[in-house]
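Coordinates in review
Residues per chain are reported as follows:
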Amino acid sequence: MLKDLMIKNLTALKTKTTPIICLTAYSAPMAGIADQYCDLLLVGDSVSMVLYGAESTQEADMPMMIRHGKAVAKAATKAIVVVDMPYGSYEQDLIQALKNAQKIMDETGCDAIKLEGGAAQADTINYLTDNDIPVMAHIGLLPQSVAADGTYRVQGKDADAAEILKQDAIAVQEAGAFCMVIEAVPETLAAEITTMLGIPTIGIGASVACDGQILVTEDMLGLTLGKPPKFVKQYATLNAEIEKAIEQYANEVTSRNFPAKENTYGAVKDSTKTKEIKKAS
Ligand code: KIV
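What comes next is a walk through the structure. (Residues numbered from 1 in each chain as written. Predicted model: local features only at pLDDT ≥ 70, side-chain atom pairs only at ≥ 80, totals over all residues. Heavy atoms only, no water.)

1. Topic: the pattern of salt bridges
- All told, the structure shown has 5 salt bridges when counted by the stated rule.
- Taking the shortest distance from any N to any O, the salt bridge between lysine 166 and glutamate 163 comes out at 3.9 Å. Here lysine 166 pairs with glutamate 163, and both are found in helix H8 (residues 159-174), just 3 residues apart, close to one helical turn.
- Under the relative-accessibility criterion, lysine 166 is labelled buried at 16%.
- Glutamate 163 sits in the partly exposed class, given a relative accessible area of 37%.
- For lysine 166, the salt bridge identified is with glutamate 192, shortest N-O distance 2.7 Å. Residue lysine 166 is located in helix H8, and its partner glutamate 192 is located in helix H9 (residues 187-196); the two are separated by 26 residues in the primary sequence.
- On the accessibility criterion, glutamate 192 (41% relative accessible area) is partly exposed. (Salt bridge = Lys/Arg side-chain N within 4 Å of Asp/Glu carboxyl O. Helix = DSSP H or I, 4+ residues; strand = E, 2+ residues; numbered from the N terminus. Buried < 20%, exposed > 50% of the residue type's maximum accessible area, 1.4 Å probe, protein only.)

Written out as structure tokens, the structure reads:
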């Protein structure tokens, strides 16, 4: 399906009762599995923390996003693939933003980019969409900015903060974003914003009121270190499974129970003997 059509279809899901299913993906194997069930796969800059052990998403850069974006775009056949613009790649001016957005699109083969910020990024979103770059916006908690004070807090809790978030949502919609992530906001505010907009809202820690949901896949699979945030439901505990398997492997190597016969190649055939047998017959 053409990406324009895919993106239009996603926007049309706003009017449907079926929620939009999104997850992050950083690798081809994970994208291959998630693609079967998701409408959208996000190559989030969270890759820097989840796979590279960085302190914040500020440590993601263009080569990292392009490397992982390319792997995911290659493996996903059905879902829209969106790649995050990393910190420092779009804030300087419109020319920098367009140059880097174009580079991500061209080098990964993704369908759209995502950038963080509300009204403050409206001009950039406008400029990118005018230049045929589909943009997913991201409002509410902005992990790239949180890095400065290191605290992840629920956003829009008082009336003034809620009003600012509503203005952000309208600004990014008017600038041409095709959908937006809303991160860490109370349910009532997420519901108000979702009802107010013509484009879909994709919630992370923003309640069932949003048009769709996204999680960091490794968080919901129990593949990240530490305690995940309250809004993450643990659908599996893969870290424990992996540890069990590695412990068993280590024990079997120590006891010489691995490799067993079935994991071992047979003896090399004697080729001179085979030739002699052939000559004699
Ligand atoms: O980088 C990321 O994974 C994200 C999601 C949390 C929406 O931006």
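2. Considerations on the environment of alanine 240
- Mapped onto the elements of the fold, alanine 240 is located in helix H11 (residues 238-254).
- For alanine 240, a relative accessible area of 48% translates into the label partly exposed.
- The spacing of alanine 240 and aspartate 168 is 72 residues in sequence and 41 Å in space, taken between C-alpha atoms.

3. Structural notes on the pairing of strand S5 (residues 135-140)
- Here S5 lies mainly inside the structure; 6 of its 6 residues are buried.
- What you see with S5 is no split at all: Val135, Ala137 and Ile139 on one side and Met136, His138 and Gly140 on the other are buried throughout.
- Direction of pairing for strand S4 (residues 112-114) relative to S5: parallel, over a ladder of 2 bridges. Residue pairing across strands places isoleucine 113 opposite valine 135, the latter belonging to S5.
- Chirality of the crossover, the property in question, places the unit of S4, helix H6 (residues 122-130) and S5 among those that are right-handed.
- Across 5 bridges, the pairing between S5 and strand S6 (residues 179-183) is parallel. (Pairing = 2+ DSSP bridges. Right-handed = clockwise from strand over helix to strand, strands pointing away.)

4. Regarding the packing of helix H5 (residues 94-108) against H6
- In the contact formed by H5 and H6, the axes pass within 10 Å of each other and the chain directions differ by 50 degrees. In terms of axis orientation, H5 runs oblique to H6. The interaxial crossing formed by H5 with H6 has right-handed handedness. Across the interface between the two elements, Leu94, Ile95, Ala97, Leu98 and Ala101 from H5 touch Asp123, Thr124, Tyr127 and Leu128 from H6.
- Per-class residue counts for the contact of H5 with H6 are 7 nonpolar, 1 polar and 1 charged. (Axes fitted to C-alpha atoms, helices over the stretch in contact; angles between N-to-C directions. Parallel < 35°, antiparallel > 145°, perpendicular 65-115°, else oblique. Left-handed = near helix turned anticlockwise from the far one by under 90°. Contact = heavy atoms within 4.5 Å. Nonpolar A, V, L, I, M, F, W, Y, C, P; charged D, E, K, R; others polar.)

5. Re the packing of helix H4 (residues 62-75) against H5
- Viewed as axis vectors pointing N to C, H4 and H5 meet at an angle of 35 degrees, and their least axial separation amounts to 8 Å. Here H4 and H5 pass one another in a crossing that is right-handed. Where H4 abuts H5, its residues Met62, Met65, Ile66, Gly69, Lys70 and Ala73 lie against Asn100, Lys103, Ile104, Glu107 and Thr108.
- Within the contact of H4 with H5, the residues separate by chemical class into 5 nonpolar, 3 polar and 3 charged.

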